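Listed below, chain by chain, are the residues.
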There are 2 protein chains.
Amino acid sequence: MLTAHKIKVFQSLDKKKFRQKYNLFLVEGNKTIKEIPNSHFKIREIFSLDPSEIPTGDFDTTKITPKDLKKISFLQHPKDSVAVCELGEEKFLANLPIQIVLDGIQDPGNLGTIIRLADWFGIPQIICSEDTVDLYNPKVIQASMGSFLRVNVVYRDLVEYLTHSDAAKIGTDMDGENLYHHKFPEKFNLILGNEGNGMRPETERLLTEKITIPRFGKSTESLNVSMATGIILGQIFSHKG
Amino acid sequence: MLTAHKIKVFQSLDKKKFRQKYNLFLVEGNKTIKEIPNSHFKIREIFSLDPSEIPTGDFDTTKITPKDLKKISFLQHPKDSVAVCELGEEKFLANLPIQIVLDGIQDPGNLGTIIRLADWFGIPQIICSEDTVDLYNPKVIQASMGSFLRVNVVYRDLVEYLTHSDAAKIGTDMDGENLYHHKFPEKFNLILGNEGNGMRPETERLLTEKITIPRFGKSTESLNVSMATGIILGQIFSHKG
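Computed from a prediction, not measured in an experiment: that's the story for all the values here.

Quick notes on the packing of aromatic side chains
Overall, the coordinates contain 24 aromatic pairs over all chains when judged by the stated rule. Arranged with centres 6.2 Å apart and planes meeting at 85°, the rings of Phe41 of chain B and Tyr136 of chain B form a pair that is edge-to-face. Of the two residues, Phe41 of chain B is situated in the loop between helix H3 (30-33) and strand S2 (43-48) and Tyr136 of chain B in the loop between strand S6 (125-129) and helix H6 (138-143); the sequence distance between them amounts to 95 residues. By relative accessible area, Tyr136 of chain B is classed as buried at 13%. One aromatic cluster is present, formed by Phe25, Phe41, Tyr136 and Phe148 of chain A through successive ring pairs.

And the structure:
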C-alpha cells in the first residue's frame, strides 16, 4: 500500500542523504523496470498504473492512481510505474582493458549519458571521483535509460586509484595529441574532467598521455564532456569495428 | 525601458507564433551576446544587470534589476543579460560538401547540440524538415551555446530538397553498413531522423547509402540522435584530421 509515510520517504529520495539512510532509490518506467530482474539490483516494491504490465517476483506490486503516481514520481511527466529498489552493493572490477574514469562530473545528464555510452560500447565499469554526482540521483538513473543496470559505477579516490593502476592514463587536454593520430595502448584509463574546470591538477599530474579532439570550425566553446566521451569512444572502437 | 508591455511581448517569445508575429527572439548570457555583432543577427535591445559588460552598438542597453531579469528570462537560473534580437533572414547555402539534414527532430536540446557539433566540425548549414523544432525556440538557442550564430539553419520540404540534391544521401539504419567500414563520398547529405520514430518513410526511400554505428555492448536502447551525429561526424573527420 502507498501510505502517507511511504510517500514522504520516496519523495526524500532525490537527496543522497536519504537514499543512503533508507538504502533505496527509484526507477521509473516499465521499459527499464522490466530489465531490473536481469541485473544485480533488487526491487523492494512497485507502484504501477497497470500492474499487469509489470514482471512478477519477490516483491509487491500495487496499483495506484495517476494522482498518487505524480506524488512519488520525480519526472515532470510521470510514466507508467515506479519501482522502489535497494542500492547496489559496491563491487570493483579490476584489470579491465578500457576503464572510464570521471573526475568531478557534476551534471546528472552527463553522467547518465556516459553510462549509456559505456553500455553501448560494452565498457563494464566507470570509476568516479568521490565528488562526482551520485549514480542514484533520479536524473542520472533517468538519463542512463536503463544502462545503469549493466554498467558498474564505483566511487574512488582517483589519486589513489590512478597511482596504483598499471594501465596508461589518458586524458583530454587542449594541447594533447590529435585524437585521430593517437595510438591507444592495449589497456588504459580514459579520464574525463569536470564540465567547467576540467580535471583537478592532482589528477592531471598522473596522466601518461594527452589527447585532443581537433576542432575544424570556429566554435568558441569546447564540446560537452559526454559528447567528447562519445566521439573518443567512437574513435577507439573504430579500430575494433 | 522595460515596460509592462515589453515584458508581456518578451514572455510570449517562447512560442513560435509570437516570435514570428514580432520578428523577435531572445539570446541570454553575456558570453553569447558578445558574439552577436560578429554574426548576421541584429540586436534590437539589451537588458542587463551590468551594461558595462555589454558591447555597444546600434541598440539601447538598459540596466535592470535581478527581479526584472527573472521576468523576461526563460532560464531557471537567469544569467547576466538578455538580448532581444531580430529573426535572421533565410538564406540557403548550396553545394556544400557535407550537408546535415534533420528529419523531424523534436527535442530542442538535440537540435541545439547538433548545431554545436556542426559549428565544432565547421559544417556551415543544417537543413531541417518543416516539422523539426524551431531554431529560435529558447531551449535550442540555449543548447547551441552561441553556435547558432555561425551555423545556418534552414527549413525545407526534405523530399523536394533531397530529390533535387545531386549529392549522396546517407542515413542511419539498423541494417546499414558498419560506420567504420563505410567510405564516405566527396559530397553527401547526412540525414538523421526523429528521436523515437527515425526518419519518415518518404525520406528514407530517397537514401542512397545506409550506415549503422556498431553496438559492442548489451545496451537495449539506440544512441540519442545528437550523440549518434557526434560519433558519425567524429568518424568522418577522422580522415581529415
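Some details on empty space enclosed by the protein
With the rule as written, the count across this model stands at one cavity of 30 Å³ or more. Taken as a whole, the largest cavity holds about 40 Å³ of empty space. Surrounding the largest cavity, Thr113, Arg116 and Leu117 of chain A together with Leu223, Asn224 and Met227 of chain B form its lining. With three residues, helix H5 (residues 108-121) of chain A is the single largest residue contributor to the lining of the largest cavity. A per-class count over the lining of the largest cavity returns three nonpolar, two polar and one charged.

A look at the sheet that holds strand S1 (residues 24-28) of chain A
All names here are of chain A. Here four strands make up an open sheet; going across it, the order is S1-S4-S2-S3 and the pairing mixed. In the strand order of this sheet, the two ends are held by S1 and strand S3 (60-63), each with one partner. Geometrically, the sheet is characterised by an average inter-axis angle of 20° between neighbouring strands, direction not taken into account. Pairing analysis gives five bridges linking S1 to strand S4 (residues 81-86), with the strands arranged antiparallel. Within the sheet, the bridge partner assigned to Leu26 lies in S4 and is Val84. Along the sheet, helix H1 (residues 4-11) makes contact with S1, strand S2 (43-48) and S4, crossing S2 at roughly 105°.

Brief notes about the pattern of salt bridges
Within the structure shown, the criterion is met by 30 salt bridges over all chains. Two residues, Glu86 of chain A and Arg44 of chain A, come together in a salt bridge whose shortest N-O distance is 2.9 Å. In this pair, Glu86 of chain A sits in strand S4 while Arg44 of chain A sits in strand S2, placing the two residues 42 residues apart along the sequence. Among the ionic pairs, Lys187 of chain B bridges to Asp166 of chain B, the shortest N-O distance being 3.4 Å. In this pair, Lys187 of chain B sits in the loop between strand S8 (168-178) and strand S9 (188-193) while Asp166 of chain B sits in the loop between helix H7 (158-164) and S8, placing the two residues 21 residues apart along the sequence. A relative accessible area of 27% means that Lys187 of chain B is categorised as partly exposed. Note on Asp166 of chain B: relative accessible area 67%, which makes it exposed. Among the ionic contacts, a cluster of salt bridges with common partners joins Glu35, Asp119 and Arg150 of chain A.

Looking at the relation of the copies chain A and chain B
For these two chains of identical sequence, chain A goes onto chain B by a turn of 180° and a shift of 0.0 Å along the axis, with RMSD 0.0 Å. Taken together, these values place the two copies in the relation of a two-fold axis. Of the C-alpha atoms belonging to chain A, the one lying closest to the rotation axis is found on Ile231 of chain A, 2.5 Å away.

The rules behind these values
Residues numbered from 1 in each chain as written. Chains lettered and ligands numbered in written order. Predicted model: local features only at pLDDT ≥ 70, side-chain atom pairs only at ≥ 80, totals over all residues. Heavy atoms only, no water. Phe/Tyr/Trp six-rings, centres within 6.5 Å; stacked < 30°, edge-to-face > 60°. Helix = DSSP H or I, 4+ residues; strand = E, 2+ residues; numbered from the N terminus. Buried < 20%, exposed > 50% of the residue type's maximum accessible area, 1.4 Å probe, protein only. 1 Å grid on protein atoms, 1.4 Å probe; cavity = no way out; pocket = protein on both sides within 12 Å on 5 of 7 lines; lining within 4 Å. Points joined across faces, edges and corners; volume = space filled by probe spheres on them. Nonpolar A, V, L, I, M, F, W, Y, C, P; charged D, E, K, R; others polar. Pairing = 2+ DSSP bridges. Axes fitted to C-alpha atoms, helices over the stretch in contact; angles between N-to-C directions. Contact = heavy atoms within 4.5 Å. Salt bridge = Lys/Arg side-chain N within 4 Å of Asp/Glu carboxyl O. Least-squares fit on C-alpha atoms with pLDDT ≥ 70 in both.

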